[in-house]
Amino acid sequence: QVQLEESGGGLVQAGGSLRLSCAASGRTFSNYAMGWFRQAPGKEREFVAAIRWRTGSTYYADSVKGRFTISGDNAVKTVYLQMNSLKPEDTAVYYCAAQLNYRGTYYSTRVYDYWGQGTQVTVSS
């Protein structure tokens, strides 16, 4: 089993920044990629960003490209999401997820094997 725990959410004004962290623990952790997703009230969970551990390659949703940065530290099994220039439409619960083996894409919730409990991000206008 792999446990994922997010932290760093909170309330911020539009234009501000937050940094989310996702710490992994549990069994020997050698997953393929980590992702961040978000879910706003009444909406489906959507892809935000992903990072492939071995190469460091990163992938972003168009809506966050240029504002958010995903990074990871494999030594401490932690992935980060730096969020700048936040907008009210970024308000959501943010989840991190672990993909153990590559399954053709990074963008779908279906290809991730483990999920954290989520952390709330609220951006006021």
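All figures in this text were calculated on a predicted structure; none of them were measured in a lab.

(A) Summary view of the overall build of the protein. The helix and strand inventory of the protein stands at zero helices and eleven strands. Oriented by its inertia axes, the alpha-carbon framework of the protein measures out at about 40 × 25 × 25 Å. With 125 residues in all, the protein has 43% of them scored as buried. Within the protein, residue pairs in contact and separated by at least 24 positions form 56% of the contacts whose partners lie at least 6 positions apart. Accessible area for the protein stands at about 6400 Å²; split by element, carbon and sulfur atoms hold 44% of it. Here the protein contributes 13 positive and 9 negative side-chain charges, whose respective centroids are spaced 6 Å apart.

(B) Structural view of the nonpolar core. Membership of the largest hydrophobic core comes to 38 residues, with the highest contact counts inside it found for Leu 4, Trp 36, Leu 81, Met 83 and Tyr 94. When contributions to this core are tallied by element, the ones reaching two or more residues are strand E1 (2-7), strand E3 (18-26), strand E4 (33-39), strand E5 (46-52), strand E7 (68-73), strand E8 (78-83), strand E9 (92-99) and strand E11 (119-124). With residues up to four places along the chain from it excluded, the contact list for Tyr 94 reads Glu 6, Leu 20, Trp 36, Phe 37, Arg 38, Val 48, Phe 68, Leu 81, Met 83, Gly 118, Thr 119 and Val 121.

(C) Structural context of the sheet that holds E1. Here we have four strands laid out as an open sheet, ordered E1-E3-E8-E7, and antiparallel in their pairing. Strand pairing shows two members of the sheet lacking a second neighbour, E1 and E7, which therefore form its edges. With direction set aside, neighbouring strand axes in the sheet form an average angle of 15°.

Rules used throughout
Residues numbered from 1 in each chain as written. Predicted model: local features only at pLDDT ≥ 70, side-chain atom pairs only at ≥ 80, totals over all residues. Heavy atoms only, no water. Helix = DSSP H or I, 4+ residues; strand = E, 2+ residues; numbered from the N terminus. Buried < 20%, exposed > 50% of the residue type's maximum accessible area, 1.4 Å probe, protein only. Contact = heavy atoms within 4.5 Å. Areas by Shrake-Rupley, 256 points an atom, 1.4 Å probe, with all protein chains shown as cover. Lys, Arg positive; Asp, Glu negative; His and termini not counted. Charge placed at Lys NZ, Arg CZ, Asp CG, Glu CD. Core = buried A, V, L, I, M, F, W, Y, C linked by side-chain atoms within 4.5 Å. Pairing = 2+ DSSP bridges. Axes fitted to C-alpha atoms, helices over the stretch in contact; angles between N-to-C directions.

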